[in-house]
Amino acid sequence: MSSSSLSLPSASMKPLEKEENNGAVEAKTNEETLVCKICQTVVILKNMTTEWLNEERELPLPRQKKGIDHTQTEPVRGYFGVKDIFAFENVGFTRSSEGKRFLVCGECEQGPVGYVDPETEMNYVTPERLDVLQASQDGKN
Ligand SMILES: [Zn+2]
């Protein structure tokens, strides 16, 4: 019995699976004003962010089920990053039981709509948990 069924991996067929740490982050500004899904308060105006993080992060569910003592989370992909907290119009913070900091709507506290990176202190906000301000409403000053 000769077991010569080794198949050489062909490099060209390999899907690009591993993402380099830096590869997932690109310089990008938010092209639209993002508002709270519940109260429509502006969370961040357009052109305020500096980067886009194309990765999944675990965010706590907007509604936690009762009777469970740990924070329930779901993976949410894609975040605009901004260093300066004053880039936001209306934002609040919550702290999970694990000590992580999350961003919530500054008006009604729905969310989390993002998180704070504990190492870099960058603020990441996800369009997945926010609405885009319609262009017709954009002209009011
Ligand atoms: Zn709100």
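The residue numbers shown here count from 1 along each chain, following its written sequence. Given that the model is predicted, a residue must reach a pLDDT of at least 70 before its local features are reported, and side-chain atom pairs must reach 80 or more before they are shown or counted; all residues, however, enter totals for whole chains, interfaces and linings. Processing note: side-chain calculations cover all non-hydrogen atoms of the structure and skip hydrogens and water entirely.

S.K.: I keep staring at the side chain of threonine 126 and nothing clicks. Help me out?
M.R.: Within the secondary structure layout, threonine 126 lies in the loop between strand S9 (123–125) and strand S10 (130–132). A simple rule labels every residue: compare its accessible area, found with a 1.4 Å probe on the protein chains alone, to the largest value its type can have, and call it buried under 20%, exposed over 50%, or partly exposed in between. What makes threonine 126 buried here is its relative accessible area of 0%. Under this definition, polar contacts are N or O atom pairs within 3.5 Å; protein pairs additionally need one hydrogen-donor-capable and one acceptor-capable atom, and for neighbouring residues in sequence, both atoms have to be side-chain atoms. Looking at threonine 126, its side chain comes within polar contact range of the main-chain nitrogen of glutamate 128, at 3.1 Å. Note on contacts: a residue pair is in contact if any heavy atoms of the two residues lie within 4.5 Å. In this view, threonine 126 contacts Leu59, Val76, Arg77, Gly78, Tyr79, Val113 and Gly114; residues no more than four positions away in its chain are not counted. Labels follow the DSSP assignment, with helices taken as runs of H or I lasting at least four residues and strands as runs of E lasting at least two, numbered in each case from the N terminus.

S.K.: Is there a simple way to explain the pattern of salt bridges in this structure?
M.R.: Opposite charge on two side chains permits them to pair, given that their charged atoms come into close proximity. By definition, a salt bridge exists where a carboxyl oxygen of Asp or Glu is found within 4 Å of a side-chain nitrogen of Lys or Arg. By the definition in use, this model includes three salt bridges. Here glutamate 74 and arginine 129 are joined by a salt bridge, their closest N and O atoms 2.8 Å apart. Of the two residues, glutamate 74 sits in strand S5 (residues 73–82) while arginine 129 sits in the loop between S9 and S10, which places them 55 residues apart along the sequence. Ionic pairing is found between glutamate 121 and arginine 101, a salt bridge with its closest N-O pair at 3.8 Å. One end of the pair, glutamate 121, is in the loop between strand S8 (114–116) and S9; the other, arginine 101, is in strand S7 (residues 101–105), with 20 residues separating them in the sequence. Taking the relative accessible area as the measure of exposure, glutamate 121 reaches 46% and is therefore partly exposed.

S.K.: Before we go on, may I ask you to explain the coordination of the zinc ion in this structure?
M.R.: For a metal with four tetrahedral donors the ideal donor-metal-donor angle is 109.5 degrees, whereas six octahedral donors ideally subtend 90 or 180 degrees. Note on the zinc ion: its protein donors are Cys36 (SG), Cys39 (SG), Cys105 (SG) and Cys108 (SG). The metal-donor distances range over 2.3 Å. Each donor residue of the zinc ion belongs to the same chain, with the gaps between them written as C-x2-C-x65-C-x2-C. Of this pair, cysteine 36 sits in strand S2 (residues 34–36) while cysteine 105 is found in strand S7, placing the two residues 69 residues apart along the sequence. Pair check on accessibility: cysteine 36 and cysteine 105 agree, each one buried. Listed donors are limited to N, O and S atoms within 2.8 Å of the metal, widened to 3.2 Å for Na, K and Ca; water is not among them, so incomplete-looking sites are possible.

S.K.: What's the story with the sheet that holds S10 in this structure? I'm lost.
M.R.: Hydrogen bonding along the main chain pairs the strands of a sheet, whether they run parallel or antiparallel. A pair of strands is labelled paired if DSSP reports no fewer than 2 bridges between them. Taken in spatial order, the three strands of this open sheet run S3-S2-S10, and their pairing is antiparallel. The strands lining the two open edges of the sheet, one partner per strand, are strand S3 (42–44) and S10. Neighbour to neighbour, the strand axes of the sheet diverge by 50° on average, direction disregarded. As paired strands, S2 and S10 are joined by three bridges and run antiparallel to one another. Residue pairing in the sheet places cysteine 36 in a bridge with leucine 130 of S10. Interaxial angle, 0 to 180 degrees, is taken between N-to-C directions of lines fitted to C-alpha atoms, where a helix line uses only the stretch in contact.

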